[in-house]
Every structure is written in structure tokens, then in C-alpha cells.
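Each chain, letter by letter, is given below.
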Amino acid sequence: MNAPVSVIGLGNLGRAAARLFLRGGHPTTVWNRSAGKAADLVSAGATQAGTAADAFAASPLVVVALLDPSVVRDVLADVGEAARGRAVVNLTSGGPEDARAHAHWAAEHGADYLHAAVYAVPQTLGTDDASVSYSGSARVHEDWRAVLDLLAKGTFLGADAGRASAFDVAVLAGMYGTLGGFLHAAAMGRAAGIDAAELTPALVSWLTGVFPALSGFADEIDRGDFATEESSLDMNRAGLATILRACQSLGVAAPTLRPLKDLVDRQVAEGHGAASLARVVESFGGGA
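For every chain, the first residue of its written sequence is number 1, and the numbers climb from 1 along that sequence. Per-residue local features of the predicted model are confined to residues with pLDDT of at least 70, and side-chain atom pairs are confined, for both listing and counting, to 80 or more; whole-chain, interface and lining totals are unaffected and use all residues. Side-chain numbers come from the whole structure's heavy atoms, not from hydrogens or water.

Looking at the overall build of the protein
- Only runs of H or I of at least four residues qualify as helices and only runs of E of at least two qualify as strands under DSSP, and these elements are numbered from the N terminus. Broken down by element type, the protein carries 12 helices and 8 strands.
- Each of the three principal axes of the protein carries a C-alpha extent, and together these read 65 × 45 × 30 Å.
- Three labels apply to residues, based on accessible area from a 1.4 Å probe with only protein chains included: buried if under 20% of the type maximum, exposed if over 50%, partly exposed otherwise in between. Looking at the 288 residues of the protein, the share that counts as buried comes to 41%.
- Whether two residues touch is decided by their heavy atoms; if any such pair falls within 4.5 Å, the residues are in contact. Put simply, of all contacts in the protein between residues at least 6 apart along the chain, 62% involve residues at least 24 apart.
- In these tables, accessible area is a Shrake-Rupley quantity obtained with a 1.4 Å probe, and a residue counts as shielded only by the protein chains included in the view. By element, 56% of the accessible surface of the protein is carried by carbon and sulfur atoms, the whole surface being about 15,000 Å².
- In this tally, Lys and Arg are treated as positive and Asp and Glu as negative; His is ignored, and so are the chain termini. Lys charges are placed at NZ, Arg charges at CZ, Asp charges at CG and Glu charges at CD. Averaging the locations of the 21 positively and 30 negatively charged side chains of the protein gives two centres separated by 4 Å.

A few points about the nonpolar core
- Only buried residues count toward a nonpolar core. Its members are Ala, Val, Leu, Ile, Met, Phe, Trp, Tyr and Cys residues joined through side-chain atoms within 4.5 Å. Counting residues in hydrophobic clusters, the biggest one holds 32 residues, and the most contacted among them are Phe 21, Val 30, Leu 61, Val 89 and Leu 91.
- Secondary-structure elements contributing two or more residues to this core are strand 1 (5-8), helix 1 (12-23), strand 4 (61-64), strand 5 (87-90), strand 6 (112-119), strand 7 (131-136) and helix 7 (145-148).
- Broken down by element, the residue count for this core peaks at 6 residues, all from helix 1.

Looking at the sheet that holds strand 8 (residues 153-156)
- Any two strands with at least two DSSP-identified bridges between them are counted as paired. In space, the 8 strands of this open sheet follow the order 3-2-1-4-5-6-7-8, with mixed pairing throughout. The open sheet is flanked by strand 3 (47-48) and strand 8, the only strands paired with a single partner.
- Axis definition: a line fitted to C-alpha atoms, limited for helices to the stretch in contact. Angles are taken between N-to-C directions and run from 0 to 180 degrees. Against the sheet, helix 8 (residues 163-191) makes contact with strand 6 and strand 7, and its axis sits at roughly 20 degrees relative to strand 6, the strand it touches most.

Regarding the packing of helix 8 against helix 9 (residues 196-210)
- Put simply, helix 8 and helix 9 touch, their axes get as near as 9 Å, and they point 130 degrees apart. In terms of axis orientation, helix 8 runs oblique to helix 9. Viewed along their axes, helix 8 and helix 9 form a crossing whose handedness is right-handed. Contact residues: Phe 182, Ala 185, Ala 186 and Gly 189 in helix 8; Ala 196, Leu 199, Thr 200 and Leu 203 in helix 9. Roughly parallel means an angle under 35 degrees; roughly antiparallel, over 145; roughly perpendicular, 65 to 115; everything else is oblique. Put simply, a crossing is left-handed when the front helix is turned counterclockwise from the back one by less than a right angle, and right-handed when it is turned clockwise.

Concerning helix 5 (residues 96-108)
- Each residue after the first adds 1.5 Å to the expected span of a helix. Relative to the 18 Å expected for 13 residues at 1.5 Å per residue, helix 5 spans 19 Å between its end C-alpha atoms, a close match to the ideal helical length.
- Buried within helix 5 are the following residues: Pro 96, Asp 98, Ala 99, His 102, Ala 103, Trp 105 and Ala 106.
- Buried residues belonging to helix 5 abut helix 4 (69-76), strand 5, strand 6 and helix 8.
- Of the residues one or two after helix 5, Gly 110 is the one with positive phi, at around 75 degrees.

A few points about the side chain of Ser 135
- Mapped onto the elements, Ser 135 comes out in strand 7.
- Its relative accessible area of 0% is what places Ser 135 among the buried residues.
- A distance of 2.9 Å separates a polar atom in the side chain of Ser 135 from the backbone nitrogen of Ala 164.
- Discounting residues that sit within four places of it in the chain, Ser 135 has contacts with Leu 114, His 115, Phe 156, Leu 157, Gly 158, Asp 160, Ala 161, Gly 162, Arg 163 and Ala 164. What qualifies as a polar contact is a pair of N or O atoms within 3.5 Å, subject to a donor-acceptor requirement within protein and to the restriction that residues adjacent in sequence count only when both atoms come from side chains.

What about the pattern of salt bridges?
- Here, a salt bridge means any side-chain nitrogen of Lys or Arg that lies within 4 Å of a carboxyl oxygen of Asp or Glu. The full count for this structure, using the stated rule, is 11 salt bridges.
- In this structure, Arg 139 and Asp 112 form a salt bridge, with 2.4 Å as the shortest nitrogen-oxygen distance. Residue Arg 139 is found in helix 6 (residues 138-143), and its partner Asp 112 is found in strand 6; the two are separated by 27 residues along the sequence.
- A salt bridge links Asp 225 to Arg 223; the shortest N-O distance between them is 3.2 Å.

Looking at the environment of Thr 242
- Locating Thr 242 in the fold gives a position in helix 11 (residues 233-250).
- Judged by its relative accessible area of 44%, Thr 242 is partly exposed.
- Among the polar contacts listed, one links the side chain of Thr 242 to the side chain of Arg 245, at a separation of 3.3 Å.

Quick look at a nonpolar patch on the surface
- Here a patch means residues that are over 30% exposed by relative accessible area and free of salt bridges, tied together within 9 Å if like-charged and within 5 Å if nonpolar (Val, Leu, Ile, Met, Phe, Trp, Tyr). Nonpolar side chains collect at one region of the surface, where Leu 172, Met 175, Tyr 176 and Leu 179 lie side by side and expose about 370 Å² of accessible area between them.
- Within the secondary structure, Tyr 176 is located in helix 8.
- When its relative accessible area of 57% is taken as the criterion, Tyr 176 is described as exposed.

Structure below.
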């Protein structure tokens with residue numbers, strides 16, 4: 001018989017995971033703070049646990065998919081000794097410090113902890129469009145890889161439980177920066193009488209050409225060498241000033257772009273005008 005799995009939390013992600021475990025032939029126990037969410041999964045063959053501790057006790061592998069880290073903390077606080085000997089895989093989004101705190105809780109309670117960063121919407125879980133990064137217990141990742149692969153192709157990033165979350169929030173910061181740029185572009189286009197649908201193909205084409213430059217920037221950042229003969233901070237400062245003037249003339253605010261201009265201005269004021277745009281990373285702080 002396939003190994004039993006418990007799923008804690010039946011939001012969209014937890015429900016999708018439970019369905020995939022059931023489809024893969026794993027006896028699946030589910031628990032949610034609102035018990036009614038389990039009805040269709042029970043109809044599909046899942047067992048509903050009365051408490052989170054009961055769900056932990058039911059299976060050697062426990063998959064947690066809750067709203068946020070504070071909810072995880074609240075739920076785990078009631079699990080107690082039922083966690084001992086369990087492999088805990090947490091799909092809940094959070095920061096690196098949250099994952100490390102959960103790993104510490106697991107160690108104190110005799111459990112092995114693996115944190116997951118899920119790159120998928122629940123509808124794509126279990127397809128080639130989904131992927132998951134893991135960090136924490138290498139043993140959990142190795143022992144339960146076949147079961148976890150039912151969710152998505154996975155990559156193990158190392159023993160630091162916070163590393164997968166660090167990747168996740170950094171990637172999401174880049175994503176939201178890109179989305180903010182698109183919305184700003186759409187606002188400028190609209191103010192100039194250009195429909196967003198008309199503008200978007202040109203923007204996508206331009207970004208597609210720009211994205212390969214990120215690898216070059218990454219190399220400069222990792223080496224700490226920002227010398228360039230191409231796109232200097234002075235050039236970008238002038239370009240950003242032009243865009244901001246255009247925003248003003250169109251009556252469009254620039255709350256996503258002006259902070260970047262401020263960071264560029266700071267680097268230029270410190271004497272780095274001839275350096276690459278990538279040197280702006282130094283204005284964020286947080287260096288090793």
C-alpha cells in the first residue's frame with residue numbers, strides 16, 4: 001500500500017494537493033479549521049481528522065498548506081507530541097525567518113522539516129507548468145521525493161530551511177516590480193490615448209529583448225565590478241528624468257518609478273555615474 005499522507009489546510013492549494021495524493025493512491029487524511037471544506041475530499045476517499053494533532057498522528061508525511069505563517073504557528077501550537085517522528089513539508093508562503101522558526105519548532109518536537117516554495121497556481125499543480133523549490137531536511141526530500149513529485153517537479157536548494165523562501169520572495173519582488181512597471185506603462189498609454197491592448201505587444205517585445213541583460217547584471221553584482229561602456233547610471237538617470245517629465249505632462253503619477261530614480265540619483269551623487277545600472281543594488285543594502 002502507498003504511504004499515508006496528511007494535509008493540513010484546505011484552501012485552494014491544500015485541496016489541490018490532497019486531490020493529487022488521492023489520485024496517486026495514497027491514503028489521505030485531511031484537516032481544516034472550517035471542517036465543511038473537507039466534504040468533497042471525503043467523498044473522494046479522504047479521511048477527515050477531528051484535530052490537527054489527529055491528522056499528524058495519522059500519517060508519517062504531513063503536508064501543511066495554510067494561509068500564512070501566523071496561522072501555521074497557531075495550528076502547530078496544538079499539535080504537541082503528535083509531531084514526533086513525522087516528516088513535515090510546509091507549502092505555506094512566508095519569509096525565510098518564518099521557515100527557520102517552523103524548522104526550529106519541528107526540531108524541538110522531534111519532527112523533520114522541509115520548507116517548500118510553490119511556483120504554481122493551484123490549478124496547475126501536478127502539471128509541467130508547476131515547480132517547487134525545497135530547503136531544510138535533505139532526508140525528508142530524499143525519502144518522500146516520489147510523493148512530493150505528484151505536486152510538481154522539485155528542486156532541493158540546501159539544508160537552510162529559509163533558503164527556498166528567500167528565493168521565493170526575491171523572485172516575487174521581481175515579478176511585482178515587473179507588474180508595477182506594466183501598470184505604469186498602461187496608465188501612461190491611456191493618458192496619451194493608447195489602449196493597453198495596443199501598447200502591450202510592443203512592451204512585451206521590448207522586455208523580451210531586455211531580459212537577457214539580467215544575466216549580465218547578475219554577473220556584475222556577484223563580482224562587485226560595475227564598470228561598463230554601455231548603459232551607465234548617468235545615461236539611465238537622464239532617461240528616467242525624461243520619463244518622469246512625460247508622466248507629469250500626461251498627469252500620470254509615478255509611484256513605482258520615482259523610487260528607482262531616487263536610487264540612481266544616490267549612486268550618481270556618490271560619484272558612480274559612469275558605472276553600470278546594476279550598481280543600484282548597492283543602494284538597497286543587505287549585502288553579505
